[in-house]
Amino acid sequence: MASDRILNFSAGPSVLPDSVLEQATQGLLNFANTGIGIAEISHRSKEFLAFLDELESLIREQLEVPQTHRILFAQGGGTGQFAAVVMNILARDVLLRPNLAEGEERVLDYVVTGSWSSTAAKEAKKLTETVPNVRVNIAVDAKNNSADGASYDSLPPHSAYQFSENPALIYYCENETVNGIQFSKAPSDDASGEELNKKDETTFPFHLLPKNTLLPLVADYSSSFMSRPIPRLADHAIIYAGAQKNIGPAGLTILIVRQDCIVDVDAAVKLSRSAIPVPSILSYKYLADGKSVPNTPPVFSVYVSGLVLKRMKELGGPKYYEEFNRKKKEKVYETVREGEKRGVFRSKVPEDKGGSWMNVVFEVVGDGAEGRFLKGAESKGMKGLKGHRSVGGIRATLYNAVTEEATDALVAYMKEFIETETQA
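Going along each chain's sequence as written, the residues are numbered from 1 onward. Owing to the predicted nature of the model, reporting of local features is limited to residues with pLDDT of at least 70; listing and counting of side-chain atom pairs is limited to 80 or more, with chain, interface and lining totals taken over all residues. The basis for the side-chain values is all heavy atoms of the structure; hydrogens and waters are excluded.

(A) Spatial organisation of the overall build of the protein. A run of H or I in DSSP counts as a helix once it spans at least four residues, and a run of E counts as a strand once it spans at least two, with each numbered from the N terminus. Tallying secondary structure elements over the protein gives 11 helices and 14 strands in all. In terms of overall dimensions, the protein is globule-like: its C-alpha atoms have a radius of gyration of 22 Å, near the 22 Å expected for 424 residues. Only heavy atoms enter the contact rule, under which two residues are in contact if any of them lie within 4.5 Å. For the protein, long-range pairs separated by at least 24 residues make up 69% of all intrachain contacts whose partners lie at least 6 apart in sequence. Under the convention used here, a 1.4 Å probe and the Shrake-Rupley method define accessible areas, while residue burial counts only the protein chains that appear. About 18,100 Å² of surface is accessible on the protein, with carbon and sulfur atoms providing 49% of the total. For the radius of gyration, the atoms used are the C-alpha atoms, and the globule rule reads 2.2 Å times the number of residues raised to 0.38.

Written out as structure tokens, the structure reads:
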């Protein structure tokens, strides 16, 4: 790979492994020895369909996805799923409970821990504000437990969660890229794991959810997908992720959908006004019946994602990346804490309060200091460190393809910057 490649810490689209990019350039000219490039080949060709099947198998094997769940490939990213989730899950609830008792509602519970879950909840409210007997409930809003009452600076304690008794949907975002907040990996679902889950306030509170039922649990894993095993995957109704963070170029959305959530959305609309008419492209049944190719999928994104997942499998899959990513984030957080002690950095979300493994967000203290930090980083070949426009600061993204060498280079620069600023 050309030596002029910089160190890319962008939050997405994000860095991809050099070896995969080299393979992809070959596939652009000749995919699967067809003599046709991947960007040119028919999505219904036997070669592409075989590759799509392999991509599904790679995800199922590495995440240990049970046969109770389908793996589907869509477009529209996480933002598209903000709407698709509501529409499909309401259709499911209508088919399960076509006739509500007087005063009964279909409640959509949202766990709001940052910008993206907040946006998802707002989309749900917009879609359902005129729909009878449907209500969005904010089960918890992390802002209410923050230091200033207005920021997303930590995960809320388990005691703050107020789930509905019989919700149609329970929604959370596993990692908030903008704010740098992530749920800790929950322990196993056995008795000992349940006790550990109760004690660790930075885990998602699985122990507070209804028991002995098929949970309508939905998780946005867009920015942490394949970075470590997904706890209690089988307990989820829907998991979705955009590819552009950890596994491929923008354009592909991966869905893991429990079979009972793949429903006839048109039949639901005929049964009740609580169901929302669903455009075909947002219907999980339409996708499933069409085997993820009812229309042309993002073929290049599918191809690169498959190459990345093959490489992941060779390295050891999510368990390998869990330890790899743990090492990287520990180095960066340790340096942020060092900078805090010396008055140079200020953490947005402390590591022990839900600080993200994927996106370490912090501020550089002092007039013009942030600009000096970014300029200095760029002079050393590091880009993509500027925080999201809504929160500012610095955001060091540590997705799977960010190497340990790149992380070490960032840490070395941060330490150098601490010394320069404290001597000025």
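(B) Examining the sheet that holds strand β14 (residues 394–397) more closely. What makes two strands pair is DSSP finding at least two bridges between them. The antiparallel open sheet is built from three strands, whose spatial order is β11-β12-β14. For this open sheet the edge positions go to β11 (345–347) and β14, each flanked by a neighbour on one side alone. Averaged over all adjacent pairs, the angle separating strand axes in this sheet is 35°, with direction ignored. Here four bridges tie strand β12 (residues 359–364) to β14, and the two strands are oriented antiparallel to one another. Its bridge partner lying in β14, N359 is registered against T397. For every element, the axis is a line fit to its C-alpha atoms; helices are fit only across the contacting stretch, and the angle between N-to-C directions ranges from 0 to 180 degrees.

(C) Fine view of the pattern of salt bridges. Think of a salt bridge as a Lys or Arg side-chain nitrogen and an Asp or Glu carboxyl oxygen that are within 4 Å of each other. Across all of its chains, the model carries 27 salt bridges by this definition. Note that R97 and D93 form a salt bridge whose closest N and O atoms lie 2.7 Å from each other. Each member of the pair, R97 together with D93, is buried. Partly exposed describes any residue whose relative accessible area lies between the buried limit of under 20% and the exposed limit of over 50%, with all areas from a 1.4 Å probe on protein chains only and scaled to the type maximum.

(D) Structural detail: helix α10 (residues 369–379). For α10, the complete set of buried residues consists of A369, F373, L374, G376 and A377. The buried residues of α10 all sit within an arc of 165° when viewed along its axis, so they share a single face. Facing away from the buried surface of α10 by more than 90 degrees, the exposed residues are K375 and S379. Packing partners of the buried residues in α10 comprise β11, β12, β13 (382–383), β14 and α11 (404–423). The first or second residue beyond α10 is G381, which carries a positive phi of 80°. Here, the arc refers to the directions that run from the helix axis to the C-beta atoms.

(E) Representation of the side chain of R228. Within the element layout of this structure, R228 appears in the loop between β8 (217–220) and β9 (238–242). Throughout this description, a polar contact denotes any pair of N or O atoms lying within 3.5 Å of each other; where both atoms belong to protein, one of them has to be capable of donating a hydrogen while the other can accept it, and for residues adjacent in sequence the pair is counted only when both atoms sit in side chains. Polar contacts involving the side chain of R228 include one to the side chain of E174, which spans 3.1 Å. Of the polar contacts made by the side chain of R228, one reaches the backbone oxygen of F183; its length is 2.7 Å. Every residue in contact with R228, bar those within four places of it in the chain, is listed here: L63, E174, Q182, F183, S184, K185, P318, E322 and W357.

(F) Quick peek at the packing of α10 against α11. Running from N to C, α10 and α11 cross one another at 135°; their axes reach a closest spacing of 11 Å. Considering the angle they form, α10 stands oblique to α11. Where α10 crosses over α11, the handedness of that crossing is right-handed. Residues A369, R372, F373, G376 and A377 of α10 lie in contact with α11, whose contacting residues are Y413, M414, F417 and E421. Within the contact of α10 with α11, the residues separate by chemical class into six nonpolar, one polar and two charged. Just so you know how the angles are binned, under 35 degrees is roughly parallel, over 145 roughly antiparallel, 65 to 115 roughly perpendicular, and the rest oblique. In this scheme the crossing of two helices becomes right-handed for a clockwise turn of the near helix relative to the far one and left-handed for an anticlockwise turn of less than a right angle. Classification convention: Asp, Glu, Lys, Arg as charged; Ala, Val, Leu, Ile, Met, Phe, Trp, Tyr, Cys, Pro as nonpolar; all other residues, Gly among them, as polar.

Note that all results are geometric; they support no functional claim without further evidence.
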